[in-house]
Amino acid sequence: MDTISAMNKSNAIKFAYFLKGWEFLDGDRSELKAKAIKVPPLEYLQHMKGHIFCPECSAPLFRSPEEKDVAKDGRQAFFAHARGIQTDCSLRVKKANGRQYENEEEAAKAVEDDELVVVHSFMHERPVLPQPDGALVYDRESNEDSKGPPTIAPIGRHNGEEFKLPSRITTIRGLCRKFDSNLNKYFLLPGQRSARTLQEQLIPVSNVMGVDEVPRLYVGRIATSKSYGSNSWNMRLTFLDFTNKSEFKDFCLKSNNEISDEHGIADGSRGRIALAYGKVTESGIGLCITDLGWGEVALLPKKYEHLLDL
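Residues numbered from 1 in each chain as written. Predicted model: local features only at pLDDT ≥ 70, side-chain atom pairs only at ≥ 80, totals over all residues. Heavy atoms only, no water.

Caption draft 1: Just unusual backbone geometry, in detail. Following Ser 64, the chain continues to Pro 65 via a peptide bond in cis, the omega torsion being -10 degrees. Within the secondary structure, Pro 65 sits in the loop between strand 4 (61-64) and strand 5 (78-81). Here the phi dihedral of Ser 58 falls at roughly 70 degrees; this positive angle occurs in a residue that is not glycine. The backbone of Asp 114 shows a phi angle near 65 degrees, a positive value even though the residue is not glycine. With respect to the secondary-structure elements, Asp 114 resides in the loop between helix 3 (104-112) and strand 6 (116-122). Judged by relative accessible area, Asp 114 falls into the partly exposed class, the value being 31%. (Helix = DSSP H or I, 4+ residues; strand = E, 2+ residues; numbered from the N terminus. Buried < 20%, exposed > 50% of the residue type's maximum accessible area, 1.4 Å probe, protein only.)

Structure below.
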């Protein structure tokens, strides 16, 4: 990787895996992910040299500059891939066609190793489980990620070849729960024809210029949030920071009080980062994602906010 390429990708690698004694050529990637320490560029120390690896492809990384937190041109220190080892990695080269797989066995292995997630759908309704006494209760940890039906995934390397793979029915909050690990994992979201990392798929609302009928994953920082009634079915309008020069004046997330309350979205949520999945439509003089379902919106835990440049 040349210097220009490294500079262009300087903000892509939010952290490196540090694990002394692990080797890229014959090391077990699952061991690296399980045992490594996640190290942001500014927490890198000299003794880590030669023992830091890419969170996506596991190839060796180096920090530039190595000994200072800021380069001579004022650029903050960043991680880049070591020269001489080429990998299929979105943090190195952004591919127009996303991640493709040689055959169904390779794709299934990626799913099994939790490197690829095929999302059948995001939950629209609040999940419930029957209890022995007949009552219905909601248990967030066990209910927000469940097995979906086998799904046709058009992610073959040869002429759009399709594979039947296991899928998940999940929630945006489920994606946020281990956001640092999920950020560089490949996801095939509903209706998509290519698998991309979560980091590639997050669209800042400040980049949105108009309506979009294709559901996508959006992210933004909350400016204001207000409920229009005290009932569970009344709407809460949550406006995100929106400063682009489009013809629209604001960007809003619309969900009812029940969904908003359960996800921690309230009047005091200003400054928090929100993620939402859906279509972008017009709303008065602005844009919005409306009728957000149970699994289609979430607040990003504060401990992960430093991973996003918003």
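After presenting the structure, the write-up continues.
Caption draft 2: The arrangement of the side chain of Lys 254 in detail. With respect to the element layout, Lys 254 can be found in strand 16 (residues 251-256). Apart from the residues within four sequence positions on either side, Lys 254 is in contact with Met 235, Arg 236, Leu 237, Ser 283, Cys 288, Ile 289, Thr 290, Asp 291 and Leu 292. (Contact = heavy atoms within 4.5 Å.)

Caption draft 3: Helix 3, seen in detail. All of the buried residues in helix 3 are Ala 107, Ala 110 and Val 111. The buried residues of helix 3 occupy an angular sector of 100 degrees when the element is viewed end-on, so they sit on one face. Exposed residues on helix 3 whose side chains face more than 90 degrees from its buried face are Glu 105 and Glu 112. Buried residues belonging to helix 3 abut strand 6 and strand 10 (163-170). Two or three places before Glu 105, at the opening of helix 3, Asn 103 has a side-chain oxygen 3.2 Å from that residue's backbone nitrogen. Among the residues trailing helix 3, Asp 114 stands out with phi positive, at a value near 65 degrees. (Arc of directions from axis to C-beta. Polar contact = N/O pair within 3.5 Å; in protein donor to acceptor, adjacent residues only side chain to side chain.)

Caption draft 4: Seen up close, the layout of surface pockets. Roughly 850 Å³ of volume is contained in the largest pocket. Taken together, 34 residues make up the lining of the largest pocket; nearest its centre are Lys 33, Asp 113, Asp 114, Glu 115 and Lys 185. Those elements that place two or more of their residues in the lining of the largest pocket are helix 2 (29-35), helix 3, strand 10, helix 5 (172-177), helix 6 (179-182) and strand 11 (186-188). (1 Å grid on protein atoms, 1.4 Å probe; cavity = no way out; pocket = protein on both sides within 12 Å on 5 of 7 lines; lining within 4 Å. Points joined across faces, edges and corners; volume = space filled by probe spheres on them.)

That's the geometry; what it means functionally is another story.
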